[in-house]
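Per-entry structural report
Chain by chain, the residues run as shown.
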Amino acid sequence: MLANQIVQKLNATALGVWNQNLMNKDYQYVFATDLMSDALAMINNSCDQTVLLTGLCNAQSLRTAEMLDLELIIYVRGKKLDEEVLELAMEMGFNVFSTNYSMFEASGILFQEGLHAGD
């Protein structure tokens, strides 16, 4: 599923989009967690095809995504990044979005659309 389709299905709003080419990238997996230690345990060959869903709106989520080579982060429950963290996301080149769906709802929507669990 293309990133722009994922964003549309989740009614997500852009917190910052700095790499428009990534919006046409195909994703096959979604990993949903607020525990970045769980995300780090996910390290595998499919990270570049994985969307991170999280409610953790701090630099730790960005640093974790950087270590995993993730490029698309969607913050759930309508969460927003503060200005300092948003600037860091911009420097790192992440596409970051926010959806009002809960993590459970967002995961279910993406599962229905054919994305698989990232593990």
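Criteria and thresholds
Residues numbered from 1 in each chain as written. Predicted model: local features only at pLDDT ≥ 70, side-chain atom pairs only at ≥ 80, totals over all residues. Heavy atoms only, no water. Helix = DSSP H or I, 4+ residues; strand = E, 2+ residues; numbered from the N terminus. Contact = heavy atoms within 4.5 Å. Core = buried A, V, L, I, M, F, W, Y, C linked by side-chain atoms within 4.5 Å. Buried < 20%, exposed > 50% of the residue type's maximum accessible area, 1.4 Å probe, protein only. Arc of directions from axis to C-beta. Axes fitted to C-alpha atoms, helices over the stretch in contact; angles between N-to-C directions. Parallel < 35°, antiparallel > 145°, perpendicular 65-115°, else oblique. Left-handed = near helix turned anticlockwise from the far one by under 90°. Nonpolar A, V, L, I, M, F, W, Y, C, P; charged D, E, K, R; others polar.

Here the focus is the environment of Ala 3. If you trace the backbone, Ala 3 turns up in helix H1 (residues 3–9). Distance in space between the C-alpha atoms of Ala 3 and Asn 21 is 9.8 Å, their sequence separation being 18 residues. In contact with Ala 3, other than residues within four places in its own chain, are Leu 22, Met 23, Lys 25, Tyr 27 and Leu 72.

The subject of this paragraph is the nonpolar core. By size, the foremost hydrophobic cluster in this structure holds 20 residues, and its most contacted members are Ile 6, Leu 10, Leu 53, Ile 74 and Leu 110. Counting residues per element, the ones that place at least two in this core are H1, strand S3 (50–54), strand S4 (72–75) and helix H5 (103–112). Among the elements that line this core, the one with the most residues is H5, at four residues. If we skip the residues at most four places from it in the chain, Ile 74 touches Ile 6, Leu 10, Val 51, Leu 52, Leu 53, Thr 54, Phe 97 and Thr 99.

A word on helix H4 (residues 83–92). Looking only at H4, the buried set comprises Val 85, Leu 88 and Ala 89. All buried residues of H4 project into a common sector of 100° when viewed along the axis, lining one side. H4 presents Glu 83, Glu 84 and Glu 91 as exposed residues on the side facing more than 90 degrees away from its buried surface. One or two residues past the end of H4 sits Gly 93, with phi positive at roughly 80°.

With their axes 9 Å apart at the nearest point, helix H3 (residues 59–67) and H4 run at an angle of 15° to one another. Classed by the angle they form, the pair H3 and H4 counts as roughly parallel. The element H3 and its partner H4 pack so that their crossing is right-handed. Of H4, the residues touching H3 (which contributes Ala 59, Leu 62, Arg 63 and Glu 66) are Val 85, Leu 88, Ala 89 and Met 92. When grouped by side-chain class, the residues that make up the contact of H3 with H4 number six nonpolar, no polar and two charged.

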